[in-house]
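Geometric and topological summary
Take a look at the letters that make up each chain.
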Amino acid sequence: MSQKLIILFISVFLSSLLLAGCGSATPAQSSQPAANGQPTAAASSSQPTASGPDADGDGIPDSAEKLLGTDPNNADTDGDGQNDLVDKNPTFADNPITETSTQAGFKINSILVENNVDATGGGAPDHLELQVTNTGATDLTNFDVYYTITDLTTKGTQATYRTLPGFSLKAGETKALHFDNTGAPDHFSINPNSFYYTDPNQLQVDVMLHAAGFAPQTASIKKDASDAETGTD
Ligand SMILES: [Ca+2]
Ligand SMILES: [Ca+2]
Ligand SMILES: [Ca+2]
């Protein structure tokens, strides 16, 4: 009897241990994957909304920059010196160009916002492009640009200021100046979330180009609604 009882007690004890083990193993297993898998997955899937990738380190996740219309690759989208996170109007800069010189050192020959072509004459993706000629006898450097993009339907305007480091024009030289995100020489970055790329309405683009010590030059062009590739603008 006592042996049977002992065996019974042992078997009950072991069974209860096993049951308890199973009982605790089940939650442990469900919490283990939850700890090893779920939370990781949850963390990575919640990251884009909680913090998410922030390519330019301005404190605004890339996904939020898209919603805000700000540049995920530029901490100061409008170039006014204020970080996107603290800028009350991060897509609109006041024009800081205060040049007083009236000497015309260069001219803008043409402005394009669509129907662009590459160097071989083949079609190139739509982008803002200026063709500029140095009309003087002095090499020009220290260019900067201020451009506005206005939605002609909603009348909303985005305004950007940029210095153009590396862009220069020798006396008499003609060059194209591009605003896109190819990173090629004489190509300067543009906000991929700007009206230019996201707004299907007709847009008005106004550009002021400036070289230090010379009169700013301006050019304007309309970009067709819905990105229609019509006309020769
Ligand atoms: Ca950012
Ligand atoms: Ca940014
Ligand atoms: Ca800013």
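Residues numbered from 1 in each chain as written. Chains lettered and ligands numbered in written order. Predicted model: local features only at pLDDT ≥ 70, side-chain atom pairs only at ≥ 80, totals over all residues. Heavy atoms only, no water.

**A few points about the overall build of the protein chain**
The criterion, for reference: Numbering of helices and strands starts at the N terminus; helices are DSSP runs of H or I of at least 4 residues and strands are runs of E of at least 2. The buried label applies to any residue whose accessible area, calculated with a 1.4 Å probe on protein chains only, is under 20% of its type's maximum; exposed applies above 50%, and partly exposed to all values in between. Throughout, a residue-residue contact means that at least one pair of heavy atoms, one from each residue, lies within 4.5 Å. Method for areas: the Shrake-Rupley scheme with a 1.4 Å probe, in which residue coverage is limited to the protein chains shown.
A tally of regular secondary structure across the protein chain gives four helices and eight strands. Traced from its N-terminal end to its C-terminal end, the protein chain shows the element sequence α-α-α-β-β-β-β-β-β-α-β-β. When the 233 residues of the protein chain are sorted by exposure, 35% land in the buried category. Taking the contacts inside the protein chain whose residues are at least 6 apart along the sequence as the reference set, 58% of them involve residues at least 24 apart. Of the roughly 12900 Å² of accessible surface on the protein chain, 59% is carried by carbon and sulfur atoms.

**Details of the coordination of the calcium ion (ligand 3)**
Under perfect tetrahedral coordination by four donors, a metal shows angles of 109.5 degrees; under perfect octahedral coordination by six donors, it shows angles of 90 or 180 degrees. Using the following cut-off: The donor set comprises N, O and S atoms within 2.8 Å of the metal, extended to 3.2 Å for Na, K and Ca; water molecules are omitted, so apparent gaps in a site may simply reflect that omission.
The calcium ion (ligand 3) binds to the protein through D76 (OD), D78 (OD), D80 (OD), Q82 (O) and D87 (OD); the donor distances cover 2.2 to 2.3 Å. Residue D87 is classed as buried on the basis of its relative accessible area, which comes to 8%.

**As for the coordination of the calcium ion (ligand 1)**
Distances from the calcium ion (ligand 1) to its protein donors, D54 (OD), D56 (OD), D58 (OD), I60 (O) and E65 (OE), fall at 2.2 to 2.3 Å. Along the chain, the residues that donate to the calcium ion (ligand 1) are spaced as D-x1-D-x1-D-x1-I-x4-E. Separating the calcium ion (ligand 1) and the calcium ion (ligand 2) is a distance of 4.1 Å, and D56 donates to both of them. As far as burial versus exposure is concerned, D56 and D58 are alike and both buried.

**A few points about the packing of aromatic side chains**
Rules: Each pair of aromatic rings taken from Phe, Tyr and Trp, with Trp reduced to its six-membered ring, is defined by centres within 6.5 Å and is described as stacked if the planes are under 30 degrees apart, edge-to-face if over 60, and tilted in the remaining cases.
Under the counting rule described, the total for this entry stands at five aromatic pairs. Ring centres 5.6 Å apart and planes at 55° place the aromatic pair Y147 and F179 in the tilted group. Separated by 32 residues along the polypeptide, Y147 in strand β3 (residues 143–151) and F179 in strand β5 (residues 174–179) bring together distant segments of the chain. The interplanar angle of 40° and the centroid separation of 6.4 Å between the aromatic rings of F179 and F188 together place this pair among those described as tilted. Exposure class is identical for F179 and F188. Each is buried. Three or more aromatic residues joined by ring pairs form one cluster here, namely F106, F143 and F167.

**What to know about the sheet that holds strand β2 (residues 128–134)**
Note the threshold: Whether two strands pair depends on DSSP finding at least two bridges between them.
What the four strands build is an open sheet, ordered β1-β2-β5-β6; its pairing is mixed. Of all the strands in the sheet, just β1 (106–112) and β6 (187–188) have a single pairing partner and so form its edges. Across six bridges, β2 lies against β5 in antiparallel orientation. Following the sheet pairing, Q131 is matched in β5 by A176.

**Some thoughts on the environment of E65**
Mapping E65 onto the fold places it in helix α3 (residues 62–68). C-alpha of E65 to C-alpha of N193: the two residues are 128 residues apart in sequence and 7.8 Å apart in space. Each residue touching E65, except ones within four places of it in the same chain, is listed here: D54, D56, D58, I60, T70, D71, P72, T77, D84 and N193.

**Topic: the sheet that holds strand β4 (residues 157–163)**
How we decide: Where helices are involved, their axes are fitted lines through C-alpha atoms of the stretch in contact, as for all axes, and angles between N-to-C directions lie from 0 to 180°.
The antiparallel open sheet is built from four strands, whose spatial order is β4-β3-β7-β8. The strands lining the two open edges of the sheet, one partner per strand, are β4 and β8 (217–223). Here the average twist between neighbouring strands, direction ignored, is 15°. Pairing analysis gives seven bridges linking strand β7 (residues 203–211) to β8, with the strands arranged antiparallel. For V207, the partnering residue across the bridge sits in β8 and is A219.

As far as function goes, none of this settles anything; it's purely spatial.
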